[in-house]
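# Overview (structure and organization)
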Amino acid sequence: MSTRKAIRTVLLAGLLASATFAAADEALNVYIGQGQMPFADDDPADRGVYGDLMSELCRRLQRECRFHSVPWKRVQLAVANDPRGIVLNLGRTAEREAGFVWLLGVLPTSYVLASKRQRFDTLAEALEAGPLVVMGGTPRAQEALSLRHEGQSVVEVTDPEQAARMLHSGRVLAWYEIDLRVRYLWRQLGYDERALISGLPVSTNRSFIAGSPVLRDAPSLAGQMQQAFADMQADGSWRRILVRHLGDELAGRLLAP
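This text gives an overview of the structure that appears in the document. None of these values were measured; they are calculated from a predicted model.

## Focus on the overall build of the protein chain
When its secondary structure is counted, the protein chain shows ten helices and nine strands. Along the first, second and third principal axes, the C-alpha atoms of the protein chain reach 80 × 40 × 30 Å. Each of the 257 residues in the protein chain was classed as buried or not, and the buried ones make up 45%. Residue pairs at least 24 apart in sequence account for 72% of intrachain contacts in the protein chain once pairs closer than 6 positions are excluded. For the protein chain, the accessible surface area stands at approximately 13000 Å², while carbon and sulfur atoms represent 50% of it. Of the charged side chains in the protein chain, 30 are positive and 29 negative; the average position of the first set lies 5 Å away from that of the second.

What follows is the structure, given as structure tokens:
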């Protein structure tokens, strides 16, 4: 190899290494959709399950993370063009598959119909019986609206706590939501859990920490996050996060093989 060619090779390797180190040094923008508890919030005193998880991952990866609170209907747009953008607690659906980099699968999520009056196992049953409340801008809302017939009512809200209050007050008959969020909010608002009736899961998904489709160095970051999460599972820190937000019984169920 000529001296000139050898110098070019060394320079190119140096530039590639510099680019890798620069990407690793860049702060990550972590987007949190408002109204996402118990999964995520931008309150430093209580970031929720995914917020605490992401904070610990950032610490272990020695990455600076900046948390941004965005209305849920805009959070996916905000992260889409951000080369350092990450979004917490995103269900992996066919419609979203190509729009994100799926960095870390975290928890299974079941979508249920909760009511105080009767059990509903299908959306058709709930829609026929009376008003149904759902978080606007979600696949759940789109599904409910697509199945609605003339005379049936679907109420879209921007805050799931509002949906819980509407169900408790009797303004709606059913609430279509993630089961963990239903139980969390019902307990947080001081309502009697014995009054809550949930049917079979309408669907089951897996919730992810996801990245922008233009996220820099995404494969490397995904590998690092997955290894750090495995370490957290092994050393008990992941269980402690779940217990802190969901209680010992529910944490145990989620971690059961």
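Continuing now.
## Quick notes on the pattern of salt bridges
Scanning the entire structure with this criterion turns up 14 salt bridges. With a closest N to O distance of 2.6 Å, E56 and R59 form a salt bridge. One end of the pair, E56, and the other, R59, are both in helix 2 (residues 48-61), three residues apart, so they sit about a helical turn from each other. Residue classification places E56 among the buried residues on the basis of a relative accessible area of 17%. A salt bridge links R60 to E56, with the nearest nitrogen and oxygen atoms 2.7 Å apart. Pair noted here: R60 and E56 are both in helix 2, with a separation of four residues, about one helical turn. One network of salt bridges, in which partners are shared, links E56, R59, R60 and D235.

## Comments concerning the packing of aromatic side chains
Taken as a whole and judged by the stated rule, the model has five aromatic pairs. Taken together, a centroid distance of 5.4 Å and an interplanar angle of 80° make the contact between W102 and F208 edge-to-face. Note that W102 is positioned in strand 4 (residues 101-115) and F208 in strand 9 (residues 203-211), a separation of 106 residues in sequence. By relative accessible area, W102 is classed as buried at 11%. For F208, a relative accessible area of 10% puts it in the buried group. Aromatic side chains F229 and W238 sit 5.1 Å apart centroid to centroid with 70° between the ring planes, which places their arrangement in the edge-to-face category. Take F229: its relative accessible area is 5%, and that puts it in the buried class. W238 gets classed as buried once you look at its relative accessible area, which sits at 2%.

## So, the layout of surface pockets
To locate leftover empty space, one rolls a probe as large as a water molecule over the atoms. One number sums up the size of the largest pocket: a volume of about 440 Å³. Around the largest pocket, the lining is made up of 24 residues, and of these T93, R96, T138, P139 and R140 lie nearest the centre. Of all the elements in the fold, those that place two or more residues in the lining of the largest pocket are helix 3 (72-80), strand 3 (85-91), strand 4, helix 5 (139-147), strand 7 (174-178) and strand 9. In terms of residues, the lining of the largest pocket owes the most to one element, helix 5, which gives four residues. A class-by-class count of the residues in the lining of the largest pocket yields six nonpolar, twelve polar and six charged.

Each value, and the rule that gives it
Residues numbered from 1 in each chain as written. Predicted model: local features only at pLDDT ≥ 70, side-chain atom pairs only at ≥ 80, totals over all residues. Heavy atoms only, no water. Helix = DSSP H or I, 4+ residues; strand = E, 2+ residues; numbered from the N terminus. Buried < 20%, exposed > 50% of the residue type's maximum accessible area, 1.4 Å probe, protein only. Contact = heavy atoms within 4.5 Å. Areas by Shrake-Rupley, 256 points an atom, 1.4 Å probe, with all protein chains shown as cover. Lys, Arg positive; Asp, Glu negative; His and termini not counted. Charge placed at Lys NZ, Arg CZ, Asp CG, Glu CD. Salt bridge = Lys/Arg side-chain N within 4 Å of Asp/Glu carboxyl O. Phe/Tyr/Trp six-rings, centres within 6.5 Å; stacked < 30°, edge-to-face > 60°. 1 Å grid on protein atoms, 1.4 Å probe; cavity = no way out; pocket = protein on both sides within 12 Å on 5 of 7 lines; lining within 4 Å. Points joined across faces, edges and corners; volume = space filled by probe spheres on them. Nonpolar A, V, L, I, M, F, W, Y, C, P; charged D, E, K, R; others polar.

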